[in-house]
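Descriptive analysis of the structure
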Amino acid sequence: MVVPGGISIVTMADHPTRSVCTLAALTSLILVITGVPGVRMGDLPFLVFLLAPYLLLGLLAWRDRERRRLSAVLFVAVLVLSLAGTILLGLDSYRFHTVPEHRLVQRMTVIVVPMLQSAAAIVIGLMLQANRSRRG
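First, a word on scope: everything that follows refers to the structure included in this document. (Residues numbered from 1 in each chain as written. Predicted model: local features only at pLDDT ≥ 70, side-chain atom pairs only at ≥ 80, totals over all residues. Heavy atoms only, no water.)

1. Details of the overall build of the chain
In terms of helices and strands, the chain carries four helices and zero strands. Helices and strands appear in the chain in the N-to-C order α-α-α-α. By residue count, 32% of the 136 residues in the chain fall in the buried class. If you take every contact in the chain between residues at least 6 apart in sequence, the share linking residues at least 24 apart comes to 73%. (Helix = DSSP H or I, 4+ residues; strand = E, 2+ residues; numbered from the N terminus. Buried < 20%, exposed > 50% of the residue type's maximum accessible area, 1.4 Å probe, protein only. Contact = heavy atoms within 4.5 Å.)

Rendered as C-alpha cells:
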C-alpha cells in the first residue's frame, strides 16, 4: 500500500521500532556518561557495548520491516527491553548521584544490563531467523 507521497505504509512499520531504539540508546548513553568524570578514547569499546543491543534490534527491525506481524512483535520486544534497561540504568544513576556509598562500589548495572539486553536481542534475532527459514 502506497500513500499519496509515494511512501509505502509497509516500510514505515519499522520506524517506531527504530525510533524507540534510538531514544533508548541516547538515554542509556546519557545515564552512563553522567556517572563518569570524563570520557576517554579507552571508553569507546564500552560505549559500543552499551549500544550493541539497540543497534542489533534496529537492524532486525529494518530487516523485517515488510512483515507486519513480526514488526509488531519486534516493536513490543524492543519496547520492553528498552524500558527495562532504561529504568534499571536510571535507578543506578540516581543512586550514584544521591548515595555517596554507592560511588565507592563497582557499578555492575552498567555492565549487566547491556549484557542481558544483548543476549535477549540475539535470542530474538535467532527466533526471527528460524521463523524466516521455516516460512521460506
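2. Focus on the packing of helix H1 (residues 15-33) against helix H3 (residues 68-98)
One way to put it is that H1 packs onto H3 with a least axis distance of 9 Å and a crossing angle of 10°. The angle between the axes of H1 and H3 places the two elements in the roughly parallel class. The chirality of how H1 crosses H3 is left-handed. Listed contacts from H3 to Pro16, Thr17, Val20, Cys21, Ala24, Thr27, Ser28, Leu31 and Val32 of H1 are Ser71, Leu74, Phe75, Val78, Leu79, Ser82, Thr86, Leu89, Gly90 and Ser93. The residue makeup of the contact of H1 with H3, split by class, is 11 nonpolar, eight polar and no charged. (Axes fitted to C-alpha atoms, helices over the stretch in contact; angles between N-to-C directions. Parallel < 35°, antiparallel > 145°, perpendicular 65-115°, else oblique. Left-handed = near helix turned anticlockwise from the far one by under 90°. Nonpolar A, V, L, I, M, F, W, Y, C, P; charged D, E, K, R; others polar.)

3. Observations regarding a nonpolar patch on the surface
On the surface, a nonpolar cluster with roughly 450 Å² of combined accessible area is contributed by Leu79, Leu83, Ile87, Leu88 and Leu91. Mapped onto the secondary structure, Leu91 falls in helix H3. (Patch = residues over 30% accessible without salt bridge, like charges linked within 9 Å, V, L, I, M, F, W, Y side chains within 5 Å. Areas by Shrake-Rupley, 256 points an atom, 1.4 Å probe, with all protein chains shown as cover. Salt bridge = Lys/Arg side-chain N within 4 Å of Asp/Glu carboxyl O.)

4. Observations concerning H3
If you check H3, its first and last C-alpha atoms are 44 Å apart, about what 31 residues at 1.5 Å a residue would give, namely 45 Å. For H3, the full list of buried residues reads Leu70, Ser71, Leu74, Val78, Leu81, Ser82, Gly85, Leu89, Asp92, Ser93 and Phe96. Where H3 is buried, its residues touch H1, helix H2 (44-63) and helix H4 (109-135). (Expected span 1.5 Å × (residues − 1).)

5. A closer look at the pattern of salt bridges
It is possible for side chains bearing opposite charge to pair when their charged atoms get close. In total, this model carries three salt bridges according to the counting rule given. For Arg132, the salt bridge is made with Asp64, and the minimal N-O distance between the two is 2.5 Å. Note that Arg132 is positioned in helix H4 and Asp64 in the loop between H2 and H3, a separation of 68 residues in sequence. Under the relative-accessibility criterion, Arg132 is labelled partly exposed at 25%. We classify Asp64 as buried; its relative accessible area is 2%. Residue Arg107 pairs with Asp92 through a salt bridge whose shortest N-O separation is 2.8 Å. Here Arg107 is found in the loop between H3 and H4, whereas its partner Asp92 is found in helix H3, with 15 residues between them in sequence. Accessibility classification places Arg107 together with Asp92 in one group, the buried group. Three or more residues are tied together by salt bridges with common partners; here these are Arg63, Asp64 and Arg132.

6. Thoughts on the nonpolar core
In this structure, Leu57, Leu60, Leu74, Val78, Ile124 and Leu128 are the most contacted members of the largest nonpolar core, which totals 15 residues. Among residues more than four places away in sequence, those in contact with Val78 are Thr17, Val20, Cys21 and Leu57. Ranked by size, the runner-up nonpolar core spans eight residues in total, among them Leu31, Leu50, Val110 and Val113. (Core = buried A, V, L, I, M, F, W, Y, C linked by side-chain atoms within 4.5 Å.)

7. Let's talk about the environment of Arg65
The topology assignment puts Arg65 in the loop between H2 and H3. Each C-alpha atom of the pair Arg65 and His15 lies 8.7 Å from the other, and the pair is 50 residues apart in sequence.

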